Amino acid sequence: MRRWCGDLTLNDVGEDVRLLGWVHRIRDHGGLVFVDLRDRSGLVQLVVDRSSLDASTPEVGELKPEYVVEVMGTVRRRPESGVNPKLKTGWIEVAPRSIRVLSRSRPLPIPVADPEAHPDEALRFRYRYLDLRRPEVLAKLVFRHRAAKVIRDFFDEEGFLEVETPMLTRSTPEGARDFLVPARHSPGCFYALPQSPQLFKQILMVGGIEKYFQLARCLRDEDVRADRQVEHTQIDVEMSFATPADVQDVMERLMCRLFAELLDVHLTLPFPRITYDEAMRRYGTDKPDLRIGLELLDLTPACRDCGVRFLEQAASAPDTGVVGLRLPGGAGISRSEYDRLEGRAKELGARGLSWVAWSSSGIRSSFGRHLREEAARTLLGVAGAQMGDAVLLLAGRWPVVRQVMGQLRLKVAALLDLVEEGWRFVWVTDFPLAEFDEETRRYEAMHHPFTAPHPEDRHLLATDVGRVRAWAYDLVLNGVELGSGSVRNHTRSQQEEVFRALGMSVEEQERRFGFLLEALEYGAPPHAGIAIGFDRLLMLMTGSANMREVMAFPKTGTGACLLTGAPSEVEPEQLEELGIRLAPRAIRDPEAGESHRPAPET
RNA sequence: GGAGGCGUAGUGUAGUCGGUUGAACAUACCUGCCUGUCACGCAGGAGAUCGCGGGUUCGAGUCCCGUCGCCUCCGCCA
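Parameters and conventions
Residues numbered from 1 in each chain as written. Chains lettered and ligands numbered in written order. Predicted model: local features only at pLDDT ≥ 70, side-chain atom pairs only at ≥ 80, totals over all residues. Heavy atoms only, no water. Helix = DSSP H or I, 4+ residues; strand = E, 2+ residues; numbered from the N terminus. Buried < 20%, exposed > 50% of the residue type's maximum accessible area, 1.4 Å probe, protein only. Contact = heavy atoms within 4.5 Å. Areas by Shrake-Rupley, 256 points an atom, 1.4 Å probe, with all protein chains shown as cover. Salt bridge = Lys/Arg side-chain N within 4 Å of Asp/Glu carboxyl O. Phe/Tyr/Trp six-rings, centres within 6.5 Å; stacked < 30°, edge-to-face > 60°. Lys NZ or Arg CZ within 6 Å of the ring centre and 35° of its normal. Polar contact = N/O pair within 3.5 Å; in protein donor to acceptor, adjacent residues only side chain to side chain. Near = heavy atom within 4 Å. Nonpolar A, V, L, I, M, F, W, Y, C, P; charged D, E, K, R; others polar. Disulfide = S-S within 2.5 Å. Core = buried A, V, L, I, M, F, W, Y, C linked by side-chain atoms within 4.5 Å. Patch = residues over 30% accessible without salt bridge, like charges linked within 9 Å, V, L, I, M, F, W, Y side chains within 5 Å.

Novice: So what's going on with the overall build of chain A? Residues and values would help.
Specialist: When helices and strands are tallied, chain A shows 14 helices and 23 strands. Along the first, second and third principal axes, the C-alpha set of chain A runs to 95 × 75 × 60 Å. By residue count, 46% of the 602 residues in chain A fall in the buried class. Sequence separation of 24 or more characterises 67% of the internal contacts of chain A that already satisfy a separation of 6 or more. Taken as a whole, chain A presents about 30,800 Å² of accessible surface, with 51% of it coming from carbon and sulfur.

Shown next, in the form of structure tokens:
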């Protein structure tokens, strides 16, 4: 019977055990050799007395790191002086009777046994199987598994059905770019990989499933970020006859359960709610980080007669203003730090960044003499600043200055160490249904076009879609958008109304979503749902700086898999079969570099 | 599509206002020694076309141009 290395304890002393695992580290003292043996459960120390090892077993000196071995031996108590309290199994050791090598290993391209090592991420991708052996990497996959188990148990207990939806589906050109898959039986036609199972889960509601969930793979051909991958997993949920409060209640209890079981953290329910408008006004973002106490200030009235021309101008024009942010202890911020903040502000679309600081040596500011002393005092007073504080100011068009200051709020909070510990969930509600896209010069759905309008605003759909609130809600944790959901249009007429308000012609509606509109004519129940980014949630729960850390096989910023070399060119015969000919610009120059393909064996 | 950072033995880094350095250090690797180590220790050894291509120069890891890869950010992400 095989035993796990990491599970052996003093209770096993005297037991004869069979261990299977990898050679983690070897400490060869000549006559006595210590070998740390590792399996999924952890480490145990083998002690080999060269003089007493069975003659039929290979010389222990043959062992190298990452060899796979079978060990038969006896568990024994370590001598008092040999106890290692840093190790879970530090009170015992195994005296092998035999060690059999099951598999050898070449010298390692990246270290496995060094917890301090931080090999280049490209190498970690390429040798992911070695990277996965590192206990800290494995621990995140174990965490992920346990989270998935809690989620499935929870939804099962709540009466939900897990239903799988297709990976080969229909392209819906708005929203994210689709990954396309050529269809052999229909030359010139393509499937799309799902950006989300949105339409299928609504169809499931029409199909009478009533309560659906899925750990759904979603694929979007967009550029990656630290918290975004081309492939990700969503906790996808849809409920018939449900109000937003019903959906929120279920998700709150799920979060509660996950945090309790995995982190022993006990969340307070219900989570606070904030409207989109209020979030934008107070935090300059639709995903406020409530761990930060600072809020944006409207300094427009205080700037009307301050002596600084551009502030006065911004304060008097109709759609511009001055937004401020008090920085507790900000008087100590260096000029170069302000320059960095201003650089960030400009990158985000602001014209510049101003500041007023009040220290024991007086008031100084980025305005020099232009800002009258009295006006400076007024500004500091309105902002509620104390001596030692500073105030940031941004002047310009309203939505822009709020959003930029919202980003600066995050920057300075990190800089001044003003981010409190904890898990601050918040529901953001009453999003606009549509927003004006400057590029296409028309309104587009902010969430997706199946979202129902807020019942109080439905009458505005035809006349003023920009003012219609969506019946939608986002779940935000510590400033990260975990997911969003909404009540859906469940009648054909209401869905058509929304499509029309978004400028979609009847022909287009019919062509792209005819099957949905038709389904809504056959007794579609009212329904609402939500989708939570599973990887993002795990990233936060495990304190990972990057989503790749919680995925077994993540992709690079260009969507490449460095392990397998995907994407790759294909055989001409494959293209021929699909009726596809490459455009000249798509034909790779063999000289141009084989960059992300694994190099041949040397 | 744009901005920035990084790329030097297997790995992680130093060297980067051009030259007296023979490209250094740690670790891993190889050889030897060692019976209580646990990031074992000690002694010795081998290992680098300084990402790739071009250019400037008497001379380039170092400067310039291009290119590839990874990371972060902007755009993008219904």
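Novice: Which residues make up the pattern of salt bridges, and what values do they have?
Specialist: Enumeration according to the criterion identifies 49 salt bridges in this entry. Here the salt bridges share partners, and the residues they tie into one network are R124, R128, D131, R134, E136 and E549.

Novice: So what's going on with the packing of aromatic side chains? Residues and values would help.
Specialist: Here the structure, examined in full by the defined rule, presents 15 aromatic pairs. Judged by centre distance (5.1 Å) and plane angle (70 degrees), the rings of F259 and W423 are edge-to-face. Note that F259 is positioned in helix α5 (residues 244-263) and W423 in the loop between α10 (398-415) and β18 (425-429), a separation of 164 residues in sequence. On the basis of relative accessibility, which here comes to 27%, the residue W423 falls in the partly exposed class. On the numbers, 6.3 Å between centres and 80 degrees between planes, the contact of F450 with F499 is edge-to-face. With a gap of 49 residues between them, F450 in the loop between β20 (442-445) and β21 (472-477) and F499 in helix α11 (residues 492-501) connect regions that are remote in the sequence. Given a relative accessible area of 6%, F450 falls into the buried group. Every member of this aromatic cluster is reached through a ring pair, and the members are F154, F155, F160 and F213. Just above the ring of W4 sits the side chain of R2; from NZ or CZ to the centre is 4.3 Å. The side chain of R402 reaches across the aromatic face of W398, ending 4.3 Å from its centre.

Novice: Pulling in residues and values, what's your account of the side chain of Q45?
Specialist: Inspection of the secondary structure assignment puts Q45 in strand β4 (residues 42-49). Within the structure, the side chain of Q45 is placed 2.9 Å from the side chain of R27, a separation counted as a polar contact. Aside from chain neighbours lying at most four places away, what touches Q45 is R27, F34, V35, D36, R78, E93 and V94.

Novice: Give a description of the protein's contact with RNA strand B that names residues and reports values.
Specialist: Looking at RNA strand B, there are 55 residues lining it, with D28, G82, D120, A445 and H447 nearest. Close to the protein, within 4 Å, the atoms of RNA strand B belong to sugar or phosphate groups at a rate of 55%. The side chain of T556 places a nitrogen or oxygen atom 2.9 Å from a phosphate oxygen of RNA strand B. When residues of the surface near RNA strand B are traced back to their parent elements, those giving at least two are β2 (16-28), β3 (32-39), β4, α1 (121-126) and α8 (335-347). Here the residues of the surface near RNA strand B are counted per class, giving 18 nonpolar, 18 polar and 19 charged.

Novice: Which residues make up the state of the cysteines, and what are the values?
Specialist: What we call a disulfide is simply a covalent bond connecting the sulfur atoms of a pair of cysteines. Under the counting rule described, the total for this entry stands at zero disulfides. Among the cysteines around C218, which has no disulfide bond, C561 carries the closest sulfur, lying 19 Å off. A relative accessible area of 0% places C218 in the buried class.

Novice: Help me get a handle on the nonpolar core, residues and values and all.
Specialist: With 45 residues, the main nonpolar core has F155, I235, M251, M255 and L258 as its most contacted residues. Considering each element in turn, this core owes the most residues, eight residues, to α5. Among all residues touching F155, those that are not within four sequence positions of it are F160, F213, I235, V237, V250, M251 and L254. Of all hydrophobic cores here, the second largest spans 25 residues; its members include A331, A357, V401 and M405.

Novice: Describe a nonpolar patch on the surface, listing the residues and the values that go with them.
Specialist: On the surface, L10, V13 and W91 cluster together into a nonpolar patch covering about 240 Å² of accessible area. Structurally, W91 can be placed in the loop between β5 (68-77) and β6 (92-103).

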